[in-house]
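Each chain is listed here by its residues.
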Amino acid sequence: MNGRDAVRSLARASMALPLLGALAVPASGQETAAEPAQFADDAFADPAARAIFEAAHANWKSVEQSVLRYQAVIRQRMAARIRAPLKDRVLYRDETAVRAFWDHEYDAVVQVLGAKSQYPGHATARSEGDLEWLDDLAFDEPFDPGDDRLMLGWSDPEEQPDDDFRIQHPLAEGADSVYRYASGDTLTLSLPDGRRLRTVQLDVLPREADAHRIVGTLWIEPESGALVRAVYRLSREFDAIRDLEDLQEEEEEGSFRYVPGLLKPWTFDLSMIAIDYSLWNFEVWLPLYMRMEGLARAGILKFPVTFDIAYEMESVTTRQDIERLEAAQREAARMEVAPPEPDETPQLVERHFETRDEAMAFVAELLSREGGVEYESAEEDDFAAERDAFIIAPRERSLVATSPELPPPIWEEAAGFPSDERIGDYVESLARLPTPDVPGIPWSLDWGWGRPGLVRYNRVEGLAGGVNFETAVSGSYTLGATAFLGLSDLEPRARFGVERETSRRRMKLGVYRELASANPRAGSLGFGNSLNALFLGRDEGEYYQALGADLSWRPPADARQSFEVRAYAERQSALERKAGFALFHALADDWDFRPNLAADEGDELGAEVRLSPWRGTDPFLTQIGLELYGHAARLWPAGAGDPATYGRASATLRAAVPLVPRRWRLGLELAGGTTFGEPTVQRAWFLGGTRTLRGHAPSVLWGPSFARGRVEVARTSDFGGWSIFTDAGWASHVGAYYSADAGGDAMDPGESADGPGMDRPRTDGRLLWGVGVGGSLLDGLIRVDVSYGLNGPARRFWIAFYLDSLL
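Here the residue index of a chain counts from 1 through its sequence in written order. Only residues with pLDDT of 70 or above have their local features reported here, since the model is predicted, and side-chain atom pairs are shown and tallied only from 80 upward, although totals for entire chains, interfaces and linings are computed over all residues. Just so you know, side-chain values use all the structure's heavy atoms and leave hydrogens and water out.

Notes on the overall build of the protein
By definition, any uninterrupted DSSP run of H or I lasting at least four residues is a helix, any uninterrupted run of E lasting at least two residues is a strand, and each is numbered from the N terminus. The helix and strand inventory of the protein stands at eight helices and 37 strands. The long-range share in the protein, meaning contacts at least 24 apart out of those at least 6 apart in sequence, stands at 64%. For the protein, the computed accessible surface area is about 36800 Å², with 55% contributed by carbon and sulfur atoms. In this analysis, two residues are considered to be in contact whenever any of their non-hydrogen atoms come within 4.5 Å of each other. All accessible areas in this document rest on Shrake-Rupley with a 1.4 Å probe, and a residue is counted as covered only by the protein chains that are shown.

So, helix H8 (residues 527–536)
In this scheme, a residue with accessible area under 20% of its type's maximum is buried, one over 50% is exposed, and one in between is partly exposed, where area comes from a 1.4 Å probe on protein chains only. Inspection of H8 places Gly 528, Asn 529, Ser 530, Asn 532, Ala 533 and Leu 536 among the buried residues, and these make up the whole buried set. On its buried side, H8 packs onto strand E17 (455–458), strand E22 (543–554) and strand E37 (797–803).

Remarks on a nonpolar patch on the surface
Residues Met 507, Leu 509, Leu 551, Trp 553, Val 565, Val 609, Leu 611, Ile 624, Leu 626, Leu 628, Leu 653 and Leu 670 make up a contiguous nonpolar surface patch of roughly 950 Å² in combined accessible area. Only strand E21 (506–517), E22, strand E24 (602–611) and strand E26 (623–637) provide two or more residues apiece to the nonpolar patch. When its relative accessible area of 31% is taken as the criterion, Val 565 is described as partly exposed. Each patch is assembled from residues with relative accessible area greater than 30% and no salt bridge, linking like charges that lie within 9 Å and nonpolar side chains (Val, Leu, Ile, Met, Phe, Trp, Tyr) that lie within 5 Å. We define a salt bridge as a contact between a side-chain nitrogen of Lys or Arg and a carboxyl oxygen of Asp or Glu at a distance within 4 Å.

Overview of the packing of aromatic side chains
Aromatic pairing here means that ring centres of Phe, Tyr or Trp (its six-membered ring) are within 6.5 Å. Orientation follows from the plane angle: under 30 degrees is stacked, over 60 is edge-to-face, and everything else is tilted. One pass over the full model with this rule turns up 18 aromatic pairs. Between Phe 44 and Phe 53, the aromatic rings sit 5.5 Å apart at their centres with planes inclined by 55°, giving tilted as the arrangement. Seen in terms of ring centroids, Phe 44 and Tyr 181 are 5.7 Å apart; in terms of plane orientation they differ by 25°. Their pairing is stacked. With Phe 44 in the loop between strand E1 (21–24) and helix H2 (47–61) and Tyr 181 in strand E6 (residues 179–190), the pair connects residues that are 137 residues apart, well separated along the chain.

Some words on the side chain of Glu 712
Along the chain, Glu 712 turns up in strand E31 (residues 706–716). Only 2.6 Å separates the side chain of Glu 712 from the side chain of Arg 783, close enough to count as a polar contact. Pairs of N or O atoms within 3.5 Å make up the polar contacts considered here, provided that, within protein, one atom can donate a hydrogen while the other can accept it, and that residues adjacent in sequence are counted only when both atoms are side-chain atoms.

Digging into the environment of Leu 687
Tracing the backbone through its elements, the reader meets Leu 687 in strand E29 (residues 685–687). In this structure the C-alpha to C-alpha distance between Leu 687 and Val 700, which are 13 residues apart in sequence, comes to 6.2 Å. In contact with Leu 687, not counting residues within four places along its chain, are Thr 692, Ala 697, Pro 698, Ser 699, Val 700, Leu 701, Phe 706, Ala 707, Arg 708, Gly 729 and Trp 730.

Regarding the nonpolar core
In plain words, nonpolar cores are sets of buried Ala, Val, Leu, Ile, Met, Phe, Trp, Tyr and Cys residues tied together by side-chain atoms within 4.5 Å. The biggest cluster of nonpolar side chains holds 78 residues, and the ones touching the most others in it are Tyr 70, Tyr 181, Leu 218, Ile 273 and Tyr 311. Ranked by size, the runner-up nonpolar core spans 13 residues in total, among them Val 231, Ala 274, Ala 310 and Phe 417.

Brief notes about the side chain of Ser 705
Topologically, Ser 705 is positioned in the loop between strand E30 (701–703) and E31. Among the residues examined, Ser 705 registers a relative accessible area of 16% and is labelled buried. If sequence neighbours within four positions are ignored, Ser 705 has contacts with Gly 673, Thr 674, Thr 675, Trp 685, Trp 730, Ala 731 and Ser 732.

A few points about the pattern of salt bridges
Oppositely charged side chains are able to pair whenever their charged atoms sit close together. Going through the model one piece at a time under the given rule, you end up with 58 salt bridges. The closest approach of N and O atoms between Asp 321 and Arg 324, which form a salt bridge, is 2.6 Å. Of this pair, Asp 321 and Arg 324 both sit in helix H5 (residues 319–335), separated by three residues, roughly a single helical turn. One salt bridge connects Asp 446 with Arg 451, and the closest N-O pair in it is separated by 3.8 Å. With relative accessibility at 28%, the residue Arg 451 sits in the partly exposed group. One network of salt bridges, with partners in common, ties together Arg 495, Glu 514, Asp 550, Arg 566, Glu 570, Glu 604, Glu 608 and Arg 683.

A look at the pairing of E24
Two faces make up the sheet, and in a regular strand the side chains alternate between them. The alternating pattern of E24 places Gly 602, Glu 604, Gly 606, Glu 608 and Arg 610 on a buried face, while none of Asp 603, Leu 605, Ala 607, Val 609 and Leu 611, on the opposite face, is buried. Sheet analysis places strand E23 (residues 563–573) next to E24, joined by ten bridges and oriented antiparallel. Residue pairing for E24: Phe 563 is matched across the bridge by Leu 611. Following DSSP output, two strands are said to pair if at least two bridges run between them. Of the pairings in the sheet, the one linking E24 to E26 comprises ten bridges and is antiparallel in character.

A few points about a negative patch on the surface
This count recognises Lys and Arg as positive and Asp and Glu as negative, with His and chain-terminal groups excluded. For charged residues, the charge sits on one atom: NZ in Lys, CZ in Arg, CG in Asp, CD in Glu. A grouping of Glu 245, Asp 246, Glu 249, Glu 250, Glu 251, Glu 252 and Glu 253 is seen on the molecular surface, where their side chains present a negatively charged patch. On the secondary structure map, Glu 252 appears in helix H4 (residues 245–252). Assessed through its relative accessible area of 68%, Glu 252 is described here as exposed.

Digging into the environment of Glu 95
Topologically, Glu 95 is positioned in strand E3 (residues 89–103). The class of Glu 95 is buried, set by a relative accessible area of 1%. Taking the C-alpha atoms as reference points, Glu 95 and Ile 309, 214 residues apart in sequence, are found 9.9 Å from one another. A distance of 2.8 Å separates polar atoms of two side chains, one belonging to Glu 95 and the other to Arg 93.

Structural notes on the pairing of strand E32 (residues 720–731)
Two strands pair when backbone bridges link them, and E31 and E32 are joined in this way by eleven bridges, in the antiparallel orientation. Counterpart to Arg 710 in the pairing with E32 is Asp 727. Hairpin connection between E31 and E32: a loop of three residues separates the two successive antiparallel strands. For E32 and strand E35 (residues 767–777), the ladder comprises eleven bridges, and the chain directions are antiparallel. Across the sheet, the residue bridging to Phe 725 is Gly 772, located in E35.

Details of unusual backbone geometry
Residues other than glycine seldom take positive phi values, yet Ser 699 does so here, at roughly 60°. Relative to the helices and strands, Ser 699 resides in the loop between E29 and E30. Residue class for Ser 699 comes out buried when judged on its relative accessible area of 2%. In this structure, Leu 778 takes a positive phi of about 55° despite not being glycine. By the secondary structure assignment, Leu 778 is in the loop between E35 and strand E36 (782–789). The partly exposed category is assigned to Leu 778, whose relative accessible area is 24%.

Concerning helix H7 (residues 420–431)
Helix span is expected to be 1.5 Å times the residue number reduced by one. Here H7 spans 16 Å end to end across twelve residues, near enough to the 16 Å set by a 1.5 Å rise per residue. Where H7 is buried, its residues meet strand E8 (214–221), strand E9 (226–234), strand E11 (266–280) and strand E12 (284–298).

With respect to the confidence of the model for the protein
pLDDT measures the predictor's confidence residue by residue and takes values from 0 up to 100. When pLDDT is averaged along the protein, the result is 81; 80% of the residues meet or exceed 70. The low-confidence segment residues 157–161, where pLDDT is below 50, has ten contacts with residues more than four positions distant or belonging to other chains.

Structural notes on the environment of Glu 412
Inspection of the secondary structure puts Glu 412 in the loop between strand E15 (390–394) and H7. Residue Glu 412 is classed as partly exposed on the basis of its relative accessible area, which comes to 34%. Sequence separation between Glu 412 and Thr 617 is 205 residues, and the spatial gap between their C-alpha atoms is 9.6 Å.

As structure tokens, this is what we get:
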């Protein structure tokens, strides 16, 4: 399997994994046609819900036979991304357009109109002659009106799938034993001919949360029981080890003990499926569009997957059309006048062919007469070998990449697909539904490498290991506890909290005694800084002890963290440097980490707000992000100091702009901040290091105000790129701070990993510059820099490895 196939398989499998046996009919509880259906009385919250369910159930059991044939343009688009705090990176994207000719008696004919994709190793349109991408089509055949409508015909209700992958259909036999139903709003539409169409909301709630059951809302036409709209999601996240028996056995046997916690667990959350149908000629409901959103996760790696498919019906022939035409012809014969021409149904001429190839050649010739594009049969291509539909493709394959029928990427609004406002309405409708109870008391206990973030290294704790316990209580509420112990300072630290998470937001109340960073957004307690500290001896964090309680409001854990509101009350105290080992300095007897910040001690009551919107997903187009931060607090210093109030504010603007020629990009980052009042030293702004001022030591500049910028020019490729850059930074009032482990002596803020005690000049209010070169993978997801400071206290080369860079 090459890189393209791997990424494409991930994108498709992550969306399809829990749906391989989607919407299955339970094996038990089948009833005979002669017996009336009997449903559990406790399954319905009200009589209206029972009536709607009975109509929908009867319609689901019937087969739609009124549609004889249709012609439609089907447009499909999807994207798989990898999620990171700064921005999402596109791993795979695809846009496809086909014209489908479906007939209830014959195999469908699919005319390929356009197709293009982007993935690592292939960032442009598909190459000439390469039609393997048609495997990405979500259908072997176009939608069959007789198929199940809750998944747009993607599943066969008559098949009995493996129990590991089934999703229990809410309208199937026996569904009332696992679901409950409640009626909701009524929507009445006035049709142009004076008729009124009424649809009723039916909420579907599982009796208990399960990865094989859905929660959502169905809109049903009560007279016919037809499904008009469906919006639903999985009632519980799919966990591969928990929900797959084979993997459970392997886990018990210890087969995954060498898989690091950074890459576990393996889960998939189908967060939304929305399907809308339209009423064709006031007679039959045919598909309009479907939207799917989900998130696959492997430990710290998160892969959002989105998928759209839209049907543009061009013509439909129903049994009623044929009956009306035949009746008109009989009436014309009786009156001895010329029969009328049908409005919708052309006269059909039946032709017979001896071979499939002969038929395909004839169809290709007919299609070539329209639009000036020559078509040919694609039956000889490998991708078409296992398909029932006839595939017709342009003879000049490269034309598919520039077809005007192609939809825009999925992150752009487009006619025929649900708008951002409509998608927001879908999400809001799911958020209003109650969270199903989880059976039993589910809990998890992880330590060390068993979970991301439970192993870290810094100059205060040294190597620190953690343990995490979580248990779900009453639907959307979770209780959790995390504890750490550092091998160097032997100080126990812990956080206890209760969290409520919905599809729209996450609220968490916690109490804690923990290691805190002066700049939490720099990732000082994360994986990247731990690696730099352990191997290179470069710990960029400034740490203090925090003991208190807080309340936070953020987006759901799997969503991009675009905002955070936090209120807290805590006691802050200083911490000393305790660790002194780094692998690349193991043989240097006189080497040590730089001293830690001498934090001011005191009690603090405050609140902080962060907003970080990001616009732009395509790495070959403009991307721009803004981060706004505000912080206000009341401080009671330890000792005899008077209480004080202070505030801080900062803004950061980031932009990545394409240049000419195409493979070059310009990256810009501008930031500034200031402080009002007299805060503690740990509330100062610190510059220096990979996130703020490359080419200089961590915290080489600090003070109550700062300004900084960086400019970068990158040459990109399909997998990554290389760049040259320059950084500049300034802090308004820079002086010495006192190190908690320096015996009260003033230490230079430019002190680096070379060790304390070196004679370094102070950098009072100076503008410092740095230059360097860098390399990255996947649009800056993984980054390595070599930088050099042009001025300042230490002119030397710096090497840094980190994640989530702009370019």
